[in-house]
Amino acid sequence: YLALIAHHNLMAALQQGYTIVVGAGSAREIDPGIKQAIEDGFVLGPRFTPSGRELSTTGHANDTTVPWHWGLPELGAARNCDGADAFRYAVRDEVKKGVEVIKLFVTRGHLVPGSNDSMEMTPAEIAAAIETAHERGVLIRAHLAGKRAIMLAIELGIDIVDHCDEMDDEVIAALVETGTFVVPSIHYIKLFAQSDVRGPEVRAESMRNIEFMCDALPKAEAAGVRLLLGDDYGGVSLVHGQYGDELHTYIDDIGLAPLAVLRWATRNGADLIRRGDDLGTIETGKLADLLVVDGDPSVDISVLADQNPMAVLKGGKVVCGALPDMQSA
């Protein structure tokens, strides 16, 4: 059932024009299995980089969501490791099962109880996980909120920073120098900033985070940080498929140019999965992952955000929608 839900979500992304999807944590080897099914032609789907269980330590934020006396050794989407060797083993085991992007939970994520200054992993554990992932040729990403953890992970070679809550000028400079990717993922907290569902403290924290990012993200974009689209769509209060709303968040609320945000989803996405030579831009000799839309989304993002493309092409083949009949146009 979980695999069917996951494939439904992948199809929602493809139908809205995302021909590349990168996993950010999943349970029970669901992602690798779905990728295999797509590549074998059993089901339709985007170009998918599968993830696996998020790796962190005993007693970390997600490890305390159920009482310890229940005796649950791990949650379905979590894997606890303690010590550098344990992280090396876990990364190798995840890769053996088909995972192509390792997920770490280094600090709390958005709206998770705790402090941004607290780290769930030691420097040695982070280094072991990153080194092992790169030895196996896979990507590695991490929940990173506090500046100390962000700077350490960048120094150690993390590929993707998720959230990057304290992205100040020093962090931006380090991101640019190393070419590290960032998924700001602020649509999730925007919704909490507009709601009292989780109480006034969460709402106030969300509003402060949005205000901070309104200043930080334009600086990061201007400096050349490699930003990406994506969010906590697996959250209990969100469903997959709100990708157009995320576009509006960055463009209407933060004030970024539509063309800049479109680059996050195209060129930057292709570069992330190391396919920039044949994907991400429209050039002679590249694969035709193309969208056909009625209007110019670089001027009016609603052309893309508020409706599905007329046609989605993956490798030159129409996979969603249909090409317009030009003879009758």
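My aim in this report is to walk through the structure given alongside it, one point at a time.

This part covers the pairing of strand S5 (residues 101-105). In terms of burial, S5 is a largely internal element, 5 of the 5 residues being buried. Along S5, one buried face is formed by Val 101, Lys 103 and Phe 105 and the opposite face, lined by Ile 102 and Leu 104, is buried too. Where strand S3 (residues 51-56) meets S5, 3 bridges bridge the pair, whose relative direction is parallel. Across the sheet, Ser 51 pairs through a bridge with Val 101, a residue of S5. Relative to strand S6 (residues 139-144), S5 runs parallel, the two sharing 5 bridges. Bridge pairing in S6 places Leu 104 opposite Ala 142.

In this section: a negative patch on the surface. Taken together, the side chains of Asp 245, Asp 252, Asp 296, Asp 300 and Asp 306 make up a negatively charged region of the molecular surface. Along the chain, Asp 245 turns up in helix H9 (residues 243-253).

We now examine the nonpolar core. In a soluble, globular protein the nonpolar side chains are often hidden away together inside. One finds Ile 102, Leu 104, Val 106, Met 167, Leu 175 and Tyr 250 to be the most contacted residues of the largest nonpolar core, which totals 70 residues. Among the elements that take part in this core, helix H8 (residues 200-223) stands out by supplying 6 residues, more than any other. Contacts of Leu 104, omitting those with residues within four sequence positions, involve Leu 55, Phe 87, Met 121, Ala 129, Ile 140, Arg 141, Ala 142, His 143 and Ile 158. One finds Val 101, Leu 139, Leu 228 and Leu 272 within the second-largest nonpolar core, a separate group that totals 7 residues.

Here we take up the packing of helix H1 (residues 2-15) against helix H2 (residues 30-39). Contact pair H1 / H2: the axes reach a minimum separation of 10 Å and the direction vectors enclose 60°. Taken as axis vectors, H1 and H2 run oblique relative to one another. As H1 packs across H2, the resulting crossing turns out to be right-handed. Residue-level contacts link Leu 2, Ala 3, Ala 6, His 7 and Leu 10 of H1 to Ile 30, Ile 34 and Ile 38 of H2. Taken together, the residues of the contact of H1 with H2 sort by class into 7 nonpolar, 1 polar and no charged.

Counted by the stated rule, this structure contains 2 aromatic pairs. With a centroid separation of 5.7 Å and an interplanar angle of 70°, the aromatic rings of Tyr 18 and Tyr 243 are classed as edge-to-face. Of this pair, Tyr 18 sits in the loop between H1 and strand S1 (20-22) while Tyr 243 sits in helix H9; the two residues are 225 residues apart in sequence, bridging distant segments of the chain. Considered together, Tyr 18 and Tyr 243 belong to a single accessibility category, that of buried residues. An angle of 65° between the planes, with centres 4.9 Å apart, marks the rings of Tyr 250 and Trp 264 as edge-to-face. Pair noted here: Tyr 250 is in helix H9 and Trp 264 is in helix H10 (residues 258-265), with a separation of 14 residues, a long-range link. In this structure Trp 264 comes out as buried when scored by relative accessible area, which is 2%.

The N-to-C vectors of helix H4 (residues 123-135) and helix H5 (residues 147-156) enclose an angle of 40°; their axes lie 10 Å apart at closest approach. One way to sum up the angle between H4 and H5 is to call them oblique. As H4 packs across H5, the resulting crossing turns out to be right-handed. Contacts from Pro 123, Ile 126, Ala 127 and Ile 130 in H4 reach Leu 152, Ala 153 and Leu 156 in H5. Of the residues belonging to the contact of H4 with H5, the class tally is 7 nonpolar, no polar and no charged.

Now for the pattern of salt bridges. The full count for this structure, using the stated rule, is 18 salt bridges. Among the ionic pairs, Lys 35 bridges to Glu 39, the shortest N-O distance being 3.5 Å. Note that Lys 35 and Glu 39 are positioned in helix H2 at a spacing of 4 residues, about one turn of the helix. Exposure remark for Lys 35: the relative accessible area of 16% places this residue in the buried category. Glu 39 gets classed as exposed once you look at its relative accessible area, which sits at 55%. The closest approach of N and O atoms between Lys 35 and Glu 100, which form a salt bridge, is 2.7 Å. With a gap of 65 residues between them, Lys 35 in helix H2 and Glu 100 in the loop between helix H3 (84-96) and S5 connect regions that are remote in the sequence. If you follow the salt bridges from partner to partner, you end up with Glu 29, Arg 53, Arg 79, Asp 93, Glu 94, Lys 96 and Lys 97 in one network.

What counts, and where the lines are drawn
- Residues numbered from 1 in each chain as written.
- Predicted model: local features only at pLDDT ≥ 70, side-chain atom pairs only at ≥ 80, totals over all residues.
- Heavy atoms only, no water.
- Buried < 20%, exposed > 50% of the residue type's maximum accessible area, 1.4 Å probe, protein only.
- Helix = DSSP H or I, 4+ residues; strand = E, 2+ residues; numbered from the N terminus.
- Pairing = 2+ DSSP bridges.
- Patch = residues over 30% accessible without salt bridge, like charges linked within 9 Å, V, L, I, M, F, W, Y side chains within 5 Å.
- Areas by Shrake-Rupley, 256 points an atom, 1.4 Å probe, with all protein chains shown as cover.
- Salt bridge = Lys/Arg side-chain N within 4 Å of Asp/Glu carboxyl O.
- Lys, Arg positive; Asp, Glu negative; His and termini not counted.
- Charge placed at Lys NZ, Arg CZ, Asp CG, Glu CD.
- Core = buried A, V, L, I, M, F, W, Y, C linked by side-chain atoms within 4.5 Å.
- Contact = heavy atoms within 4.5 Å.
- Axes fitted to C-alpha atoms, helices over the stretch in contact; angles between N-to-C directions.
- Parallel < 35°, antiparallel > 145°, perpendicular 65-115°, else oblique.
- Left-handed = near helix turned anticlockwise from the far one by under 90°.
- Nonpolar A, V, L, I, M, F, W, Y, C, P; charged D, E, K, R; others polar.
- Phe/Tyr/Trp six-rings, centres within 6.5 Å; stacked < 30°, edge-to-face > 60°.

Honestly, that's just the spatial picture; any functional story needs more than this.
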